[in-house]
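Observations on the model geometry
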There are 2 protein chains.
Amino acid sequence: MKKFINNIDDLLADSLQGFAKAHADIVQLNLAPHYIKRIQPTAASKVALISGGGSGHEPLHTGFVGKGMLDAACPGQIFTSPTPDQMMVAAEAVENGGGVLFIVKNYAGDVMNFEMAAEMIDYPSETVLIDDDVALPKNHSTGRRGVAGTLIIEKIVGAGAEQGMDLLACKALGEKVNSVTASMGVALSCCTVPALGKPTFELADTQIEIGVGIHGERGRDTVDLVSASEIVEQLMHALWDDLKPSPKQKVLLHVNGLGATPLMELHLIYLAAATFLESRQLLVTRSLVGNYTTSLDMTGCSITMTLLDDEMIELWDAPVNTAHLRWGC
Amino acid sequence: MKKFINNIDDLLADSLQGFAKAHADIVQLNLAPHYIKRIQPTAASKVALISGGGSGHEPLHTGFVGKGMLDAACPGQIFTSPTPDQMMVAAEAVENGGGVLFIVKNYAGDVMNFEMAAEMIDYPSETVLIDDDVALPKNHSTGRRGVAGTLIIEKIVGAGAEQGMDLLACKALGEKVNSVTASMGVALSCCTVPALGKPTFELADTQIEIGVGIHGERGRDTVDLVSASEIVEQLMHALWDDLKPSPKQKVLLHVNGLGATPLMELHLIYLAAATFLESRQLLVTRSLVGNYTTSLDMTGCSITMTLLDDEMIELWDAPVNTAHLRWGC
């Protein structure tokens, strides 16, 4: 295993300190327990948005803390849920009279630990559960996973909270956006978790993994490597079948790199995905291409599609000032 | 070789079309010959900034076209210089009465082709040559290479041009920033050029390449893999010896991912580099961490340091609205 590390036990703390130092105009780090909070002051009664999850997906979630998006993020160890005390202390730090909205990707550990935190804090709180990954069926025993669509919910609800929406309105908005968001991923090669020191699964030189998650787990199918256009067709059909959009529907199209895929290839994927939608009379109204929800050094990408209404477009366009998503500020 | 491509001959055009489509609010693509230009109107007599070079380094340069930075970028094939007609047609498209400043990384092909374009256009033009890579000695036969420091010159001169600096002032500013900018890179593994189908050099599992360039060429030394802190020490000493900063000097510190290195590791590198500088009484005043000047899917990073004065800080902070560098707009 070749990585830039000093020792595995300090990797997360070193990395968080570097992140906070590089973005000291936007965020502040608490080391024990770990959380990142926004430093720009918030209006009284603004709902506080808190997300978190295992590390290794950067810039998600720490890179999205700041004005117009998250108030705090709680990073667990790599691919490991944060502990309830992280969310409790973060809530204490950022709650400002409007209550707390937890944005939680649907993984058993995350769900349990955010629930425990919600029970133990002294503030009103609500939770939005993200389950945008269509690689798993809706009736899967633990439900579907939360993947790259998460940042879209964080951005849109973050703008709503900044504009004064109350706690229940923020929760309803988050659930609405989640319900019209679908994602699916594909890996060309797997990631190496530092503590393991080798890839969590192996793919032959001629094989790819379709419907892959973001934790180095196997996907839905191992298939032969085909052209980018054919891969995109497979992913887009899965999104289409899930969302069943009508003609003239406006959509946000997000092509997300899983960590080690060059931007050049992500833009090629974006072209094929946008062409797929436009040839079916959909309107690709907003776009996001880049490495936003990664899986360490995995080679691959995911495609996310959100069906937009006018409110969602206005909130997507609203100013945001975070380390890794920034416009209008 | 596993990549998201349709066929190798169309990779660049597909990718550029995807890029331009995803960022249609900021840039426009010309396909024959290839150039990307800014779509926001410019003030009359603003100096037009044009850069370019081989592809495979995205987001450099196309991702830095827009208000406050480049007016146009001319992408060559992968790791191959753009041809003079690209720069000529781009100059024709963006010149607005203030002349043209070419920002050129110091590679023989780039230098020659930009020179030919400069001779053939009907506008006043000047060139700034970027040679920030300290891995090669200053007296190297072809001079030093231009690497990740390039975007710092593009940002600072872009802001100067936007504020009305004339052509000679822009050239002088660019040369000043270049003279106080130093970079050095390290690779953990090499990149795969699609047309070759295999890495351009191989490293053993226990070896890294110090002083690597951005075209898959061998670096200065092949050495044993050591801790991140030791790697950073080596790179920082090289930058320090080149720039010889005085105590209390303000610096911009840029940690750049070469393509396949997780952000988590880049932030860890940043922490070590900033600590190196601060322990020597330098003031890390501005920071940039991420994948900005890549080398396809190379695993590795570079560190760039620029000695800042007040003018450069003000221009660095000035509004910029490009696909991959955006603030204040």
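Residues numbered from 1 in each chain as written. Chains lettered and ligands numbered in written order. Predicted model: local features only at pLDDT ≥ 70, side-chain atom pairs only at ≥ 80, totals over all residues. Heavy atoms only, no water.

Moving on to the overall build of chain A. Looking only at helices and strands, one finds eight helices and 15 strands in chain A. Projected onto the principal axes, the alpha-carbon positions of chain A cover approximately 50 × 50 × 40 Å. The burial tally for chain A puts 63% of its 329 residues in the buried class. Put simply, 73% of the contacts in chain A that link residues at least 6 apart link residues at least 24 apart. Total accessible area on chain A stands at roughly 11100 Å², and carbon and sulfur atoms take up 51% of it. Taken together, the 23 basic and 39 acidic charged side chains of chain A have centroids lying 4 Å from each other. (Helix = DSSP H or I, 4+ residues; strand = E, 2+ residues; numbered from the N terminus. Buried < 20%, exposed > 50% of the residue type's maximum accessible area, 1.4 Å probe, protein only. Contact = heavy atoms within 4.5 Å. Areas by Shrake-Rupley, 256 points an atom, 1.4 Å probe, with all protein chains shown as cover. Lys, Arg positive; Asp, Glu negative; His and termini not counted. Charge placed at Lys NZ, Arg CZ, Asp CG, Glu CD.)

Attention now goes to the interface of chain A and chain B. Taken together, the contacts link 58 residues of chain A with 58 residues of chain B. In this assembly, chain A packs against chain B so that about 4900 Å² is buried in total across both faces, 67% of it on carbon and sulfur atoms. When the area that chain A buries against chain B is broken down by residue, the three leading residues are K2, F4 and M264 of chain A, summing to 22%. Here chain A and chain B share four salt bridges between them. Ionic pairing is found between E278 of chain B and K21 of chain A, a salt bridge with its closest N-O pair at 2.9 Å. Along the contact surface separating chain A from chain B lie 18 residue pairs in polar contact (both at pLDDT 80 or more). Ranked by the residues each element gives to the side of chain A that touches chain B, the list is headed by helix α7 (residues 263–278) of chain A, at ten residues. Considered class by class, the residues forming the side of chain A that touches chain B number 30 nonpolar, 18 polar and ten charged. (Buried area = accessible area lost by both parts, 1.4 Å probe. Salt bridge = Lys/Arg side-chain N within 4 Å of Asp/Glu carboxyl O. Polar contact = N/O pair within 3.5 Å; in protein donor to acceptor, adjacent residues only side chain to side chain. Nonpolar A, V, L, I, M, F, W, Y, C, P; charged D, E, K, R; others polar.)

Another aspect to go through is empty space enclosed by the protein. Over the atoms, a rolled probe matching the size of one water molecule traces out where space is still vacant. Across all of its chains, the model carries six cavities of 30 Å³ or more by this definition. Size it by volume and the largest cavity reaches roughly 140 Å³. If you trace the largest cavity, you find 21 residues lining it, with L16, E58, L60, T62 and P75 of chain B closest to the centre. Secondary structure elements with two or more residues in the lining of the largest cavity: α7 of chain A together with α1 (11–22), β3 (48–55) and β5 (72–78) of chain B. Grouping the constituent residues of the lining of the largest cavity by class yields ten nonpolar, ten polar and one charged. (1 Å grid on protein atoms, 1.4 Å probe; cavity = no way out; pocket = protein on both sides within 12 Å on 5 of 7 lines; lining within 4 Å. Points joined across faces, edges and corners; volume = space filled by probe spheres on them.)

Further remarks concern the packing of helix α2 (residues 84–94) of chain A against helix α3 (residues 108–120) of chain A. All names here are of chain A. Viewed as axis vectors pointing N to C, α2 and α3 meet at an angle of 45°, and their least axial separation amounts to 8 Å. On the basis of their axis angle, the class for α2 and α3 is oblique. For α2 against α3, the interelement crossing comes out right-handed. Every residue of α3 that contacts α2 at P84, M87 and M88 is listed here: N113, F114, M116, A117 and M120. Its residues placed into classes, the contact of α2 with α3 shows seven nonpolar, one polar and no charged. (Axes fitted to C-alpha atoms, helices over the stretch in contact; angles between N-to-C directions. Parallel < 35°, antiparallel > 145°, perpendicular 65-115°, else oblique. Left-handed = near helix turned anticlockwise from the far one by under 90°.)

After a rotation of 180° and a shift along the axis of 0.0 Å, chain A superposes on chain B with an RMSD of 0.0 Å. Between the two chains, the operation in question is that of a two-fold axis. Among all C-alpha atoms of chain A, that of A260 of chain A lies closest to the rotation axis, at 1.9 Å. Taken together, the interface assignments show that 100% of the residues at the interface of chain A recur at the interface of chain B, consistent with an identical surface on both copies. (Least-squares fit on C-alpha atoms with pLDDT ≥ 70 in both.)

Residue and element names in this part refer to chain A. P84, Q86, M87, A90, A91 and V94 are the residues of α2 that are buried. Seen along its axis, α2 keeps its buried residues to an arc of 155°; they face one direction. Packed against the buried residues of α2 are β2 (34–38), β3 (48–55), β5 (72–78), β6 (100–105) and α3. (Arc of directions from axis to C-beta.)

What follows covers helix α4 (residues 150–162) of chain A. All names here are of chain A. With 13 residues, α4 extends 18 Å from end C-alpha to end C-alpha; this agrees with the ideal 18 Å at 1.5 Å per step. Among the 13 residues that make up α4, twelve are buried, leaving the element largely enclosed by the rest of the structure. Looking at α4, one finds that the buried residues are T150, L151, I152, I153, E154, K155, I156, V157, G158, A159, G160 and A161. The positive-phi residue at the C-terminal boundary of α4 is G164, with phi of around 105°. (Expected span 1.5 Å × (residues − 1).)

Okay, the domain arrangement of chain A next. Residues and elements named next belong to chain A. On domain assignment, one finds that chain A holds domain 1 (10–180) and domain 2 (181–315). One C-alpha centre belongs to domain 1, the other to domain 2; they are set 22 Å apart. On the domain 2 side, the residues contacting the 37 residues of domain 1 number 40 residues. Buried surface at the junction of domain 1 and domain 2, both sides included, amounts to about 2800 Å², of which 61% is carbon and sulfur. Of all residues in domain 1, the largest losses of buried area upon contact with domain 2 belong to F79, V134 and V180, amounting jointly to 21% of the total for that side. (Domains from an automatic or database assignment.)

A low pLDDT means the predicted coordinates there should not be read in detail. Residue-level pLDDT values for chain A average 97, and 100% of them are 70 or greater. This complex was scored by the predictor with a pTM of 0.98 and an ipTM of 0.97. (pLDDT = per-residue confidence, 0-100.)

Our next topic: the sheet that holds strand β13 (residues 299–308) of chain A. Residues and elements named next belong to chain A. Reading across the sheet, the six strands line up as β10-β9-β8-β13-β11-β12 and stay open at both edges, with mixed pairing between neighbours. Only two strands of the sheet have a single neighbouring strand rather than two, namely β10 (221–224) and β12 (283–290). Averaged over all pairs of adjacent strands, the angle between strand axes in this sheet comes to 20°, irrespective of strand direction. Packed on one face of the sheet, helix α6 (residues 228–243) meets β8 (181–189), β9 (207–210) and β13 and runs near 155° to β8. Helix-sheet contacts for α7 involve β11 (250–257), β12 and β13, and the interaxial angle to β12 is about 165°. (Pairing = 2+ DSSP bridges.)

All names here are of chain B. Here the structure, examined in full by the defined rule, presents 33 salt bridges over all chains. The partner of K171 in a salt bridge is E126, and the shortest N-O contact between them spans 3.8 Å. Remark: E126 occurs in strand β7 (residues 125–130) and K171 occurs in helix α5 (residues 167–179); sequence separation between them is 45 residues. Through salt bridges with shared partners, a single network forms among R38, K46, D71 and E162.

The next subject is the side chain of N256 of chain A. Residue and element names in this part refer to chain A. Its location among the elements puts N256 in strand β11. Side-chain polar atoms of N256 contact the backbone oxygen of T293, separated by 2.7 Å. Contacts of N256, omitting those with residues within four sequence positions, involve A148, L266, G290, N291, Y292, T293, G300, C301 and S302.

This paragraph deals with the environment of E115 of chain B. Residue and element names in this part refer to chain B. Within the secondary structure, E115 is located in helix α3 (residues 108–120). Note on E115: relative accessible area 48%, which makes it partly exposed. Remark: the alpha-carbon pair of E115 and F102, spanning 13 residues in sequence, is separated by 9.2 Å.

On to the packing of aromatic side chains. Residue and element names in this part refer to chain A. Applying the stated criterion across every chain yields a total of eight aromatic pairs over all chains. On the numbers, 5.6 Å between centres and 70° between planes, the contact of F102 with F114 is edge-to-face. In this pair, F102 sits in strand β6 while F114 sits in helix α3, placing the two residues twelve residues apart along the sequence. Its relative accessible area of 0% is what places F102 among the buried residues. (Phe/Tyr/Trp six-rings, centres within 6.5 Å; stacked < 30°, edge-to-face > 60°.)

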